[in-house]
Amino acid sequence: MQRMFMRRTGLALILMLAATALTFWLVTAAPGNVAALIAERAAGAGADGAMIQKIADDLGLNDPLPVRYARWLGNALTGDFGISIRTGKPMAEEFAARIPITLALLSGGGVVVLLLSLAMGIAGAVSNGGIVDRLLHGLALVGASTPNFFVAAMLVIVFSVWLGLVPTFGLAGFTSWLMPWFTIALFPASVLARVVRVNLQDTMSRPFATTGFAKGLTRRAVLF
């Protein structure tokens, strides 16, 4: 068990290292000159080649790619993610400012996942091959196959633009969280609803469930 844990942990670390290296290479391979962008934001039209070269030297942008990656990785492991080009603030502060919103999104989305998956799974098991079960099965397939960005766009168009029930953006109270939570929850809820349905169907064939039927209980009563 310990050997398997160590092997899985080592493999996860290797995959994470490969992912960071690939991402770093893609960012550096993108067109554009970061030093020129910083110089233009700092000096406007007065930015010249000497200023751009100095910024590139100060940031180490002229160093070989492996050296730059090793330096970035070492800084990241110590919590130094650099400075934001857009705001000029340390990235650690930018991350910290967004953690509360992220936690609220994940927590609310998790609650919606739990409620939706249980409701759909139990309703399907109660119907047991009926119209409701088939309808929920189709909805779960659609929910598991639809990209989140498309779901989000449709929710904004229908509930914000057409019906005007919720805001399109910003934090304007509880209603502003509903669409993001549902968008986050749709895919995992659709998958888990089928898991709940299949496991309930399997459980309904167990001896204790059969005993409940033999005593005259309805399917709904045995299920719950």
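Residues numbered from 1 in each chain as written. Predicted model: local features only at pLDDT ≥ 70, side-chain atom pairs only at ≥ 80, totals over all residues. Heavy atoms only, no water.

Student: Sorry if this is basic, but what is going on with a nonpolar patch on the surface here?
Tutor: Nonpolar side chains collect at one region of the surface, where Phe149, Phe150, Met154, Ile157, Phe159, Val161, Trp162, Leu163 and Leu165 lie side by side and expose about 970 Å² of accessible area between them. You can see Trp162 is positioned in helix H7 (residues 148-162). (Patch = residues over 30% accessible without salt bridge, like charges linked within 9 Å, V, L, I, M, F, W, Y side chains within 5 Å. Areas by Shrake-Rupley, 256 points an atom, 1.4 Å probe, with all protein chains shown as cover. Salt bridge = Lys/Arg side-chain N within 4 Å of Asp/Glu carboxyl O. Helix = DSSP H or I, 4+ residues; strand = E, 2+ residues; numbered from the N terminus.)

Student: Got a minute to help me understand unusual backbone geometry in this structure?
Tutor: With the exception of glycine, most residues fall at negative phi, and the peptide bonds are largely trans. In this structure, Asn128 takes a positive phi of about 50 degrees despite not being glycine. With respect to the helices and strands, the residue Asn128 is situated in the loop between helix H5 (91-127) and helix H6 (131-145).

Student: What am I meant to see in H7 here?
Tutor: One turn of the α-helix equals 3.6 residues, which is why residues spaced by three or four share an orientation. For H7, built from 15 residues, the straight-helix expectation of 21 Å at 1.5 Å per residue is met to within 8% by its first-to-last C-alpha distance of 20 Å. Restricting attention to buried positions, one finds in H7 the residues Val151, Leu155 and Ser160. Check the buried side of H7 and you find it contacts helix H8 (175-203). Once H7 finishes, Gly164 follows within two positions and takes phi at roughly 65 degrees, a positive value. (Expected span 1.5 Å × (residues − 1). Buried < 20%, exposed > 50% of the residue type's maximum accessible area, 1.4 Å probe, protein only. Contact = heavy atoms within 4.5 Å.)

Student: How should the packing of helix H2 (residues 34-43) against helix H3 (residues 49-59) be read in this particular structure?
Tutor: When two helices pack together, their arrangement is given by the angle between their axes and by how far apart the axes lie. Contact geometry of H2 with H3 gives a least axis separation of 8 Å together with a crossing angle of 120 degrees. With respect to H3, the element H2 is oriented oblique. In this structure, the crossing between H2 and H3 has a hand that is right-handed. Every residue of H3 that contacts H2 at Ala35, Ala36, Ile38, Ala39, Ala42 and Ala43 is listed here: Met51, Ile52, Ile55, Ala56 and Leu59. Within the contact of H2 with H3, the residues separate by chemical class into 11 nonpolar, no polar and no charged. (Axes fitted to C-alpha atoms, helices over the stretch in contact; angles between N-to-C directions. Parallel < 35°, antiparallel > 145°, perpendicular 65-115°, else oblique. Left-handed = near helix turned anticlockwise from the far one by under 90°. Nonpolar A, V, L, I, M, F, W, Y, C, P; charged D, E, K, R; others polar.)

Student: Would you mind going over the packing of aromatic side chains with me for this structure?
Tutor: Any aromatic ring pair is given by two values, namely how distant the centres are and how the planes are angled relative to each other. In this structure the tally under the stated criterion is six aromatic pairs. The rings of Phe24, Tyr69 and Trp72 are connected pair by pair, giving a single aromatic cluster. (Phe/Tyr/Trp six-rings, centres within 6.5 Å; stacked < 30°, edge-to-face > 60°.)

Student: How should I be thinking about the pattern of salt bridges in this particular structure?
Tutor: Once their charged atoms are close, side chains differing in charge can pair, the charge on each being opposite to the other. Per the counting criterion, the structure on display carries five salt bridges. Close ionic contact of Asp63 with Arg71 constitutes a salt bridge, the shortest N to O distance being 3.1 Å. Of the charged contacts in the structure, one is a salt bridge between Asp202 and Arg206, with a shortest N-O distance of 2.9 Å. The partly exposed category is assigned to Arg206, whose relative accessible area is 38%.

Student: Mind showing me how you'd approach the side chain of Ser190 here?
Tutor: Tracing the backbone shows Ser190 in helix H8. Accessibility expressed as a relative area gives 3% for Ser190, which makes it buried. One polar contact links the side chain of Ser190 to the main-chain carbonyl oxygen of Leu186, over a distance of 2.7 Å. (Polar contact = N/O pair within 3.5 Å; in protein donor to acceptor, adjacent residues only side chain to side chain.)

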